[in-house]
Amino acid sequence: MIFDTHAHYTSRRFDGHRDALLDSLPGQGVAGVVECGVDLATSRKALSLSKTRPWIFAAAGIHPESLIEEDTSTQTEFGGDWRAELAAIEPLFEDARVVAVGEIGLDHHWPVPAEAQLELFEAQLCLAREHKLPVLVHDREAHAETYALIKKYRPKGILHAFSGSADDALWIAQQGMLLGFGGALTFKNARRAVEAAAALPMECIVLETDCPYMAPEPMRGKECNSAMIRYTAEKLAQTRNIPVEEVLQITEQNARKLFGV
């Protein structure tokens, strides 16, 4: 069965067909989804969505890009005061449907103030430790700083959309983190990701979509959903020369163990 460890079904791109799509997923083999927040508003929506279906779980947190995106609650409700927003998010961690702190991390692709996002990431790592929750980590063009904080805090969780080398992957796994692979693993230019996925023990791998983004080949460019993880699983199975059913079974077990569901 498919367990999608990183989704964004509260995205406006699903407006008008969200319920119909979600209702179709169990029939396509989807047994679990973690819906990720990127600010207070989407974290609340993720929690609400998790209560509509027993196989959907929530993650709550502030994404680094929320520090600059004008339509996030970080800006519209808190005027960029992420500390105040994080204080408002923290009570959500007491709800049993919230199984992780995320999506959090670092992003140097966009012009997010470096010091602010480092402070925000570290504050959320501290909250995850305090509440004994795993983290869902976004790392875009910020490997050095991300790895340094993983080494410092040794969180449990997932490095989402892993894009580093095989050596990096093995080091991260040694720190106790899982690595998330999604549709990008199937892309023609995915050599580094394929090498990393091949080098890791299967107990260190989980699957994800980041839907509605990052649809795998041959669905690339279309709206992504959790059922499309099968294509990523097929690629991983080919890489490791094992049956796709074994990939799906192990990655589902890995996710359930991490999230305690």
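Because the structure is predicted, anything quoted here is derived from the model rather than measured. (Residues numbered from 1 in each chain as written. Predicted model: local features only at pLDDT ≥ 70, side-chain atom pairs only at ≥ 80, totals over all residues. Heavy atoms only, no water.)

Here we take up the pattern of salt bridges. Overall, the coordinates contain 10 salt bridges when judged by the stated rule. Notably, a salt bridge pairs Asp19 with Arg53, separated by 3.4 Å at the nearest N-O pair. With Asp19 in helix H1 (residues 18-24) and Arg53 in the loop between helix H2 (40-50) and strand S3 (56-60), the pair connects residues that are 34 residues apart, well separated along the chain. Asp19 gets classed as partly exposed once you look at its relative accessible area, which sits at 48%. (Salt bridge = Lys/Arg side-chain N within 4 Å of Asp/Glu carboxyl O. Helix = DSSP H or I, 4+ residues; strand = E, 2+ residues; numbered from the N terminus. Buried < 20%, exposed > 50% of the residue type's maximum accessible area, 1.4 Å probe, protein only.)

As for its placement among the helices and strands, Ala7 is situated in strand S1 (residues 2-7). Setting aside residues no more than four positions away along its own chain, Ala7 makes contact with Val33, Val34, Glu35, Cys36, Thr209 and Cys211. (Contact = heavy atoms within 4.5 Å.)

The next point concerns the confidence of the model for the protein. For any part of a model where pLDDT is low, the fine detail of the predicted coordinates should not be relied upon. Looking at the protein, the pLDDT average stands at 97 and 100% of residues meet or exceed 70. Confidence scores differ between elements of the protein, with helix H8 (residues 191-199) showing the lowest mean pLDDT of 95 and S3 the highest of 99. (pLDDT = per-residue confidence, 0-100.)

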